[in-house]
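Take a look at the letters that make up each chain.
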Amino acid sequence: MSELLTLSGVETHIGRYHILHGVEFGVPEGRTTMLLGRNGAGKTTTLRTIMGLWRASAGVIRLGGQRIETLSTPDIARAGIGYVPETMAVFSDLTVKENLILAAREGEMDQTRLDWIFGFFPPLRKFWLSRAGTLSGGQKQMLSFARSLIEPRRLLLIDEPTKGLAPAIIGALIDCLKEVKRRGATILLVEQNFRVAQEIGDTVGVMDNGRVIHSGTMAALAADEQLQHRLLGLSLDTHQ
Amino acid sequence: MSATDMEAGAALPKVPVDYLPLLLPVALALAALPFIPSGSTWVTLTVAGLAMGMMIFVMASGLTLIFGLMDVLNFGHGAFIAIGAYMATLVLVPLAGWMQADSVWLNLAAVIPAIALAVGVTGLLGLAFERVVIAPVYGQHLKQILITMGGMIVAEQVLYAFFGPQQIPLPLPTTLRGSFMLGEAAVEKYRVVCVVVGLVVFLAMLAILNRTKIGLLIRAGVENTEMVEALGYRITRLFVGVFMAGSALAGLGGVMWGSTASR
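The present account deals with the structure reproduced in this document. In this text the structure is predicted, and so the values were computed from the model without any measurement. (Residues numbered from 1 in each chain as written. Chains lettered and ligands numbered in written order. Predicted model: local features only at pLDDT ≥ 70, side-chain atom pairs only at ≥ 80, totals over all residues. Heavy atoms only, no water.)

1. Side note on the overall build of chain A
Where we set the bar: In DSSP terms, a helix is any run of H or I states spanning at least four residues, a strand is any run of E spanning at least two, and both are numbered starting from the N terminus. Contacts are assigned to residue pairs that have any heavy atoms within 4.5 Å of one another. Per-residue and other accessible areas follow the Shrake-Rupley method at a 1.4 Å probe size, with only the shown protein chains counted as cover for residues. None of His or the chain ends enter the tally, which takes Lys and Arg as positive and Asp and Glu as negative. Taken as the charge centre is NZ of Lys, CZ of Arg, CG of Asp or CD of Glu, depending on the residue.
Broken down by element type, chain A carries 10 helices and 10 strands. Considered along the principal axes of its C-alpha atoms, chain A spans approximately 45 × 45 × 35 Å. Of the contacts formed within chain A by residues at least 6 apart in sequence, a portion of 68% connects residues at least 24 apart. Of the roughly 9,700 Å² that chain A leaves accessible, carbon and sulfur atoms contribute 48%. With 27 positive and 25 negative side-chain charges, chain A shows a separation of 3 Å between the mean positions of the two kinds.

2. Notes on the nonpolar core
Threshold: Residues belong to one nonpolar core when they are buried, are Ala, Val, Leu, Ile, Met, Phe, Trp, Tyr or Cys, and are joined through side-chain atoms within 4.5 Å. Relative accessibility decides the category of a residue: with a 1.4 Å probe and only protein chains considered, values under 20% of the type maximum give buried, values over 50% give exposed, and everything between is partly exposed.
One finds A:Leu5, A:Leu36 and A:Leu221 to be the most contacted residues of the largest nonpolar core, which totals 122 residues. With nine residues, the top contributor of residues to this core is helix α11 (residues 235-261) of chain B. Excluding residues within four positions of it along the chain, A:Leu5 makes contact with A:Phe25, A:Gly26, A:Val27, A:Ile50, A:Ile61, A:Arg62, A:Leu63, A:Ile68, A:Leu155 and A:Leu188. Counting 15 residues, the second-largest nonpolar core is a separate cluster that includes B:Tyr86, B:Leu92, B:Ala114 and B:Leu159.

3. Comments concerning the interface of chain B and chain A
The criterion, for reference: The term buried area refers to how much accessible surface (probe radius 1.4 Å) is lost by two components on association, counted for both of them together. What counts as a salt bridge is simple: a side-chain nitrogen of Lys or Arg found within 4 Å of a carboxyl oxygen of Asp or Glu.
With 28 residues of chain B in contact, the opposing surface of chain A contributes 34 residues. At the boundary of chain B with chain A, total buried surface from both sides reaches about 2,700 Å², with 60% on carbon and sulfur atoms. Among the residues of chain B in contact with chain A, B:Leu12, B:Met227 and B:Leu231 are the three that bury the most area, contributing 21% of the side total. Summed over the shared surface of chain B and chain A, the number is three salt bridges.

4. Focus on a nonpolar patch on the surface
Residues and elements named next belong to chain B. Put simply, the rule is: By definition, no residue in a patch forms a salt bridge, and every one has over 30% relative accessible area; like charges are joined within 9 Å, nonpolar side chains (Val, Leu, Ile, Met, Phe, Trp, Tyr) within 5 Å.
Judged by side-chain polarity, Val104, Trp105, Leu108 and Ile112 come together as a nonpolar surface patch covering roughly 440 Å² of accessible area. Position of Val104 relative to the elements: it lies in helix α6 (residues 104-134). For Val104, a relative accessible area of 45% translates into the label partly exposed.

5. Observations regarding the sheet that holds strand β3 (residues 32-37) of chain A
Pairing between the strands of a sheet is mediated by backbone hydrogen bonds and can be parallel or antiparallel. Residue and element names in this part refer to chain A. Stated precisely, the cut-off is as follows: Any two strands with at least two DSSP bridges between them are considered paired. Between N-to-C directions, angles span 0 to 180 degrees; the directions come from axes that are lines fitted to C-alpha atoms, helices contributing only their stretch in contact.
Taken in spatial order, the six strands make up an open sheet running β6-β7-β8-β3-β9-β10, and their pairing is mixed. Strands at the two margins of the open sheet, each flanked by one partner only, are β6 (81-84) and β10 (211-217). For this sheet, the mean inter-axis angle between neighbouring strands, taken without regard to orientation, is 15 degrees. Of the strand pairs in this sheet, strand β9 (residues 203-208) and β10 are connected by six bridges, and their pairing is antiparallel. By the bridge assignment for β10, Val206 is matched with His214. Seen against the sheet, helix α1 (residues 43-51) touches β3, β6, β7 (155-159), β8 (186-190) and β9 and runs at an angle of roughly 145 degrees to β7. Packed onto the sheet, helix α7 (residues 167-182) meets β3, β7 and β8 and runs at close to 150 degrees relative to β8.

6. Observations concerning the pattern of salt bridges
Residue and element names in this part refer to chain A. Under the criterion given, the structure shown has 16 salt bridges over all chains. The residue Asp93 makes a salt bridge to Arg131 at a minimum N-O spacing of 3.6 Å. With Asp93 in the loop between β6 and α3 (96-103) and Arg131 in the loop between α5 (122-126) and α6 (137-149), the pair connects residues that are 38 residues apart, well separated along the chain. Asp93 sits in the partly exposed class, given a relative accessible area of 38%. Residue class for Arg131 comes out partly exposed when judged on its relative accessible area of 41%. With its nearest N and O atoms 2.8 Å apart, the salt bridge here joins Arg182 to Glu179.

7. Details of the packing of aromatic side chains
The geometry of two aromatic rings is summed up by the distance between their centres and the angle between their planes. All names here are of chain B. The cut-off we apply is this: Paired rings are identified among Phe, Tyr and Trp, the last through its six-membered ring, by centres lying within 6.5 Å, and are further divided according to the angle between planes into stacked (under 30 degrees), edge-to-face (over 60) and tilted (the rest).
Applying the stated criterion across every chain, the model contains eight aromatic pairs over all chains. Plain terms: the ring middles of Phe80 and Phe129 are 5.5 Å apart, the flat faces sit at 85 degrees to each other, and that makes the pair edge-to-face. On the criterion of sequence distance, the pair formed by Phe80 in helix α4 (residues 77-92) and Phe129 in helix α6 is long-range, its members being 49 residues apart. We note that Phe80, like Phe129, is buried. The interplanar angle of 40 degrees and the centroid separation of 4.6 Å between the aromatic rings of Tyr86 and Phe163 together place this pair among those described as tilted. A residue pair is termed long-range when its members are at least 10 positions apart, and Tyr86 in helix α4 and Phe163 in helix α7 (residues 141-163) qualify at 77 residues.

8. Focus: the sheet that holds strand β5 (residues 66-67) of chain A
Residues and elements named next belong to chain A. One open sheet holds the four strands; their spatial order is β2-β1-β4-β5, and the pairing between them is antiparallel. Looking along the sheet, the strands with just one partner apiece sit at the ends: β2 (17-28) and β5. Relative to β5, strand β4 (residues 56-63) runs antiparallel, the two being bridged by two bridges. Each residue of the ladder has a partner; that of Leu63, found in β5, is Gln66. Relative to strand β1 (residues 3-14), α1 is tilted by about 105 degrees, and along the sheet it contacts β1, β2 and β4.

Following this line, the structure appears as structure tokens:
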């Protein structure tokens, strides 16, 4: 399967800190790629570099063959990338409705698509006119997801969506991701929860110290406990 | 059909309209009523107060836009008010004859270009001010205070150099001189115009900020510029536009205030 997104020798500096040291990996089209690794490995920096929020100081990033590492963040988004940041970054002062209006960049929101999203996240309908700042953490994550789904995107970048959320909310997010995946979306997902990663991921990249130290299929990593120990310092048995 | 499916088909909540804030000026005016012995005096003073408030609103609305939405402390905002008034003199003083004519059309032919010049020049100066002075100090309040105060002093001295230290009267058009009589209460025509202009600016701002995508973008951009850009919008251009609009409103307020002060 062809790769929609490729990173070649990507380096990122933040101030005087050298965070990414030549990141190399690809995201196959129509598949869900998990980016795993310990805290501080460079996963979030990788997503932010792809979005242009931090500039790559070296290397090449291609989306569908087109170089994007020199584009501005709005142009990268317009190239078809949806981004769900770790902080969720919902606009607290705006209502749920207004948050989604902004995310629907191309014009009016598609009611069918909106109903599809409400199917996964019913609280968004209930709190349609409430300010996003008044939502719970889980509801904010639902809104952040909904924002990335309100229009079809070529690629979704999702950063630790289950962090700090209740199991019921995590379940709703996983159901949503599975459905989005079933519809053929290409997803790059950073996740700390290995169970979630195993459930959703097709392929995987493991990062450490600003490099991708392992690439392969999720099934192969999930089946090899020694490899998990070596790469991540965990096993499924101890991380449930 | 599952509960989720049923909810998906339900109607979305409608926006409730909150009229309460609009009643505040009415409540304040009524609260003053017992302290003013004559009803006609109360009407005159209420309209005068509203007009003064509206003029301050027009001038301050620019400041509010710039500070409230862009988090920029613009201590040079007053310079745009003064520049607006001075720009109006460039048109109104040479066209004093038209202003004194007993014709609405001649009056308008002088006033409209004066307002257009004031708003246009202050808007463009706002653009230059934002790019040159403000852009390097976004997010740094102390530096914003220092540099915008510096900008104001420079603007003040430039105005002195071009227009001299003497006051220049800004004449009122004949059409707006004098008063209406509401029963026994005299209501100055110019004050009514100020109230109307203030209301128009207020309603326009309300509509733009709450009912247009540009308004949503401005409000969202104040909170998280990065995320607005990650959604595909070029927020920097929008902020430049907001600064220009804020400066232009100051210019409009300057014309209104200058005409009041010259009466």
